[in-house]
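Analysis of the macromolecular model
Take a look at the letters that make up each chain.
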Amino acid sequence: LHSFLIAIEASLMHDTLQTSEQVYQSLRNDIAAGRLAPGERLEAERLARLLGVSRTPVRESLRLLQREGLVEIIPNHGARVRKFTLEEIRETYEVREVLEGLAVRRLVESGPTSEVIARLRKANDQRRNARTVGELELADLAFHRAILQASGSRLISDILESRFVLLSSFRL
């Protein structure tokens, strides 16, 4: 009986972790897409109801998003989507410019494979043929990710990947 209870507890914990990850990804995507606007209040109870989960995974997700800089949690007031100043936006793009430049230099020095060149061409064609802002953003993201992946630097890739959501959430 004890083993059975431990197995059930482990299974429930796994489901909770999966649920927390799903809630986190959903909220992160909604912030990036602008469906959750800067300054918008994020009420855990309302979000839990909308997502069909308990408040626990919502609160865990909000804390993760706070660590990422996308959400502010104000004691006794709740959470809201973070608003960025023009200076923060400028600095973020400056850092991106330096790191992407380094990624391109590493890519060129290592000699891009035909597969990498094909991925970059495809993403560039998609950017040129985009008919909506959403299509353009997705194609642009694919282009930048292809450069980062091909640079061979996991660190540059990880740093900028965490910033892509931040950059796409900037709405003036």
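Below is a short write-up of the structure.

Each value, and the rule that gives it
Residue indices begin from 1 for each chain and proceed along its sequence in written order. Restriction of local features to residues with pLDDT of at least 70 applies here, the model being predicted, together with a cutoff of 80 or more for giving and counting side-chain atom pairs; totals for whole chains, interfaces and linings are based on all residues. Neither water nor hydrogens contribute to the side-chain values; these are computed over all heavy atoms in the structure. To qualify as a nonpolar core, a set must consist of buried Ala, Val, Leu, Ile, Met, Phe, Trp, Tyr and Cys residues joined through side-chain atoms within 4.5 Å. Each residue is assigned to one of three classes by its accessible area relative to the maximum for its type, calculated with a 1.4 Å probe on protein chains only: buried under 20%, partly exposed between the two thresholds, exposed over 50%. Each helix is a run of DSSP H or I of at least 4 residues and each strand a run of E of at least 2, with the numbering of both proceeding from the N terminus. Take the residue count of a helix, subtract one, and multiply by 1.5 Å to get its expected span. Simply put, an axis is a line fit to the C-alpha atoms, just over the touching stretch for a helix, and the angle between two N-to-C directions goes from 0 to 180 degrees. When describing relative orientation, an angle under 35 degrees is termed roughly parallel and one over 145 degrees roughly antiparallel, while 65 to 115 degrees is termed roughly perpendicular and anything else oblique. Helix crossings are classified by the rotation of the near helix relative to the far one: an anticlockwise turn of less than a right angle makes the crossing left-handed, while a clockwise turn makes it right-handed. Throughout, a contact is declared for two residues whenever any of their heavy atoms are within 4.5 Å.

One finds Leu 27, Ile 31, Leu 42, Val 58, Leu 62, Leu 65 and Val 71 to be the most contacted residues of the largest nonpolar core, which totals 16 residues. When contributions to this core are tallied by element, the ones reaching two or more residues are helix H1 (2–32), helix H2 (44–51), helix H3 (55–68) and strand S3 (78–81). Sort the elements by how many residues they give to this core and H1 lands first, with four residues. Core analysis: the next-biggest nonpolar cluster, separate from the first, contains 13 residues, Ala 123, Phe 143, Ala 150 and Leu 160 among them.

Our next topic: helix H4 (residues 86–110). Here H4 is 25 residues long and its end C-alpha atoms lie 36 Å apart, about the 36 Å a rise of 1.5 Å per residue gives. Looking one or two residues past H4, Gly 111 carries a phi angle of roughly 80 degrees, positive in sign.

Direction vectors running N to C along helix H5 (residues 114–129) and helix H6 (residues 133–151) enclose 160 degrees, while the axes themselves pass 8 Å from each other. Relative to H6, H5 is oriented roughly antiparallel. H5 and H6 meet at a crossing whose hand is left-handed. Facing Val 116, Arg 119, Leu 120, Ala 123, Asn 124, Gln 126, Arg 127 and Asn 129 of H5, the residues of H6 in contact are Glu 135, Leu 136, Ala 139, Asp 140, Ala 142, Phe 143, His 144, Ala 146, Ile 147, Gln 149 and Ala 150.

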